[in-house]
Amino acid sequence: VQLVESGGGLAQAGGSLRLSCSLSGGILSDYAMAWFRQTPGLEREFVSAIGRNPFTRYDDSVEGRFTISRDNAKNMVYLQMNSLKPEDTGVYYCAAEFNGYGTLAQRSYGLWGRGTQVTVSS
């Protein structure tokens, strides 16, 4: 099973980006999915998760600005990011938890993509 992120890039503060995560070699409905991000020099941090039911959760820093969604028919997960801030800059990783619920704990996710860079300028 493989995860591939896309949609990163450069945006201005206040702008929007939409990240996509494609799952191949498996069935998306079997997985809870999440997005994490990492800024150089800092630990990777939880951004958002969506369960199989699909329950969603967000970090407080993105609540109300980001929306996670999934399309099981297409094996795709999305992260719509609005009202972007410079502090949203980082590498965004898609992660999958087999038979999971959408926890915020990184250790629960056994599958990871390689990440996509998001840069927000002020």
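Residues numbered from 1 in each chain as written. Predicted model: local features only at pLDDT ≥ 70, side-chain atom pairs only at ≥ 80, totals over all residues. Heavy atoms only, no water.

## Focus on the pairing of strand S3 (residues 17-24)
Spelled out, the test is: DSSP calls a pair of strands paired once it identifies at least 2 bridges connecting them. Helix and strand assignments follow DSSP, with helices taken as H or I runs no shorter than four residues and strands as E runs no shorter than two, numbered in order from the N terminus.
Bridging between strand S1 (residues 2-6) and S3 involves five bridges; their strand directions are antiparallel. Considered in S3, the bridge of valine 4 is made with serine 22.

## Things to note about the sheet that holds strand S7 (residues 66-71)
Just so we agree on the cut-off: Orientation is described by lines fitted to C-alpha atoms, with helices fitted over the stretch in contact, and by angles between N-to-C directions that extend from 0 to 180 degrees.
Across the sheet, which stays open at both edges, the four strands sit in the order S1-S3-S8-S7 with antiparallel pairing between neighbours. Bordering the open sheet on either side are S1 and S7, each of which pairs with just one other strand. Direction aside, neighbouring strands of the sheet carry axes that sit 15 degrees apart on average. Relative to strand S8 (residues 76-81), S7 runs antiparallel, the two sharing six bridges.

## Some details on the environment of glutamine 2
Our working definition: Partly exposed describes any residue whose relative accessible area lies between the buried limit of under 20% and the exposed limit of over 50%, with all areas from a 1.4 Å probe on protein chains only and scaled to the type maximum. In this analysis, two residues are considered to be in contact whenever any of their non-hydrogen atoms come within 4.5 Å of each other.
Inspection of the secondary structure puts glutamine 2 in strand S1. With relative accessibility at 48%, the residue glutamine 2 sits in the partly exposed group. It is 20 Å that separates the C-alpha atoms of glutamine 2 and arginine 44, two residues lying 42 residues apart in sequence. Excluding its chain neighbours within four sequence positions, the residues that come into contact with glutamine 2 are Ser22, Leu23 and Ser24.

## Points about the nonpolar core
We count it as follows: As used in this record, nonpolar core signifies buried Ala, Val, Leu, Ile, Met, Phe, Trp, Tyr and Cys residues forming a set joined through side-chain atoms within 4.5 Å.
Among the nonpolar cores identified, the biggest contains 25 residues, and Met33, Trp35, Phe66, Leu79, Met81 and Tyr92 are the most heavily contacted of them. Only S3, strand S4 (31-38), strand S5 (45-50), S7, S8, strand S9 (90-98) and strand S11 (116-121) provide two or more residues apiece to this core. In terms of residues, this core owes the most to one element, S3, which gives four residues. Counting residues in hydrophobic clusters, the runner-up holds six residues, among them Ala34, Phe46, Ala95 and Tyr109.

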